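Analysis of the macromolecular model
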Amino acid sequence: MAEAGQVKTEEKRDPEQEARRRLALAQIRQYPDPVLRMQAREVDTFDDDLVRLVERMRGLMHDAAGVGLAATQVGVLRRVFVFQRDGADEDSEPETHAVVNPEAVERSDETEVDDEGCLSLQGVLVPVERSKLLTIEGTDEHGQPVRFELDELSARVVQHELDHLDGTLILDRTTDEARREALGTLRPRPALDRLG
């Protein structure tokens, strides 16, 4: 199953999975919610509230069939995100990690353009250029230091989440033509159009 940006590509889901997905998406802020354009603040308190936030975000990301989720997407302006990273080998399950106060400490000059989706921009897939390799540092939700050296999809997902924490969306990183098409998809239609 392929994944792009923050969203797994469509897969067959049973009715229960689809119901969980819809419920999760209803709890994730959707464009043009203004919080998606706000910059998150550094986390300075590592407490039970932060642990609960991370657990909630992990659950929402999983239920929404996503591969990453930033706190701003759930209306919390704190510098924290969760992301899914493939396991050590092909047979192992993907691992979900939380990164608090993330900082990109190294990026490759080599970039790649690929289509990205976003849990906050349903139905949109746009081309985005990202660094192929990325190293980030931060802490986990318990305040323990973490460092990830990422490539390809994991690097793309984490760059997407870092953007969210700065109020930047994939619409800001794509071509003018793709942005126009995406905004057309996201534009609410009058109720009469939906009836016909």
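Residues numbered from 1 in each chain as written. Predicted model: local features only at pLDDT ≥ 70, side-chain atom pairs only at ≥ 80, totals over all residues. Heavy atoms only, no water.

What to know about the overall build of the chain
A count of helical and extended segments in the chain gives six helices and nine strands. Burial statistics for the chain: of 196 residues in total, 46% are counted as buried. Nonlocal contacts in the chain, meaning residues at least 24 apart in sequence, comprise 66% of its contacts between residues at least 6 apart. Of the roughly 10800 Å² of accessible surface on the chain, 45% is carried by carbon and sulfur atoms. (Helix = DSSP H or I, 4+ residues; strand = E, 2+ residues; numbered from the N terminus. Buried < 20%, exposed > 50% of the residue type's maximum accessible area, 1.4 Å probe, protein only. Contact = heavy atoms within 4.5 Å. Areas by Shrake-Rupley, 256 points an atom, 1.4 Å probe, with all protein chains shown as cover.)

With respect to a negative patch on the surface
Side chains of Glu-112, Asp-114, Asp-115, Asp-151 and Glu-152 sit close together on the surface and give a patch of like negative charge. A total of three residues in the negative patch trace back to one element, the largest contributor, which is strand β6 (residues 111-116). Counting through the fold element by element, Glu-112 comes out in strand β6. For Glu-112, a relative accessible area of 36% gives the class partly exposed. (Patch = residues over 30% accessible without salt bridge, like charges linked within 9 Å, V, L, I, M, F, W, Y side chains within 5 Å. Salt bridge = Lys/Arg side-chain N within 4 Å of Asp/Glu carboxyl O. Lys, Arg positive; Asp, Glu negative; His and termini not counted. Charge placed at Lys NZ, Arg CZ, Asp CG, Glu CD.)

Notes on helix α5 (residues 176-186)
Regarding α5, the residues found buried are Ala-178, Ala-182 and Leu-186. Angular distribution of buried residues about the axis of α5 spans 70°; they occupy a single face of the element. The exposed residues of α5 that point more than 90 degrees off its buried face are Arg-180 and Glu-181. Check the buried side of α5 and you find it contacts β7 (126-131) and α4 (170-173). (Arc of directions from axis to C-beta.)

Here we look at the pattern of salt bridges
If you walk through the whole model with that rule in mind, you get 19 salt bridges. Glu-16 is paired through a salt bridge with Arg-20; the nearest N and O atoms lie 3.0 Å apart. Residue Glu-16 and its partner Arg-20 are both found in helix α1 (residues 15-26); the two are separated by four residues, about one turn of the helix. A relative accessible area of 55% places Glu-16 in the exposed class. Classification of Arg-20 as partly exposed rests on a relative accessible area of 33%.

Here's the deal with the sheet that holds strand β3 (residues 68-70)
Strand order in the open sheet formed by five strands is β3-β4-β5-β8-β9, with antiparallel pairing between adjacent strands. Both outer strands of the open sheet, β3 and β9 (145-151), are each paired with one neighbouring strand and no more. Geometrically, the sheet is characterised by an average inter-axis angle of 40° between neighbouring strands, direction not taken into account. For β3 and strand β4 (residues 80-85), the ladder comprises three bridges, and the chain directions are antiparallel. Bridge pairing in β4 links Gly-68 to Phe-83. Along the sheet face, helix α3 (residues 152-165) touches β3, β4, β5 (95-107), β8 (133-139) and β9 and points at about 165° away from the line of β4. (Pairing = 2+ DSSP bridges. Axes fitted to C-alpha atoms, helices over the stretch in contact; angles between N-to-C directions.)

Digging into the packing of aromatic side chains
For the structure on display, the rule yields two aromatic pairs. Geometrically, the ring pair formed by Phe-81 and Phe-83 is tilted, given 6.0 Å between the ring centres and 55° between the ring planes. Grouping residues by exposure puts Phe-81 and Phe-83 together as buried. Here the aromatic rings of Phe-83 and Phe-148 are separated by 5.4 Å at their centres, their planes lie at 85°, and the arrangement is edge-to-face. With Phe-83 in strand β4 and Phe-148 in strand β9, this pair connects stretches of sequence that are 65 residues apart. Among the aromatic residues, those joined into a ring-pair cluster are Phe-81, Phe-83 and Phe-148. (Phe/Tyr/Trp six-rings, centres within 6.5 Å; stacked < 30°, edge-to-face > 60°.)

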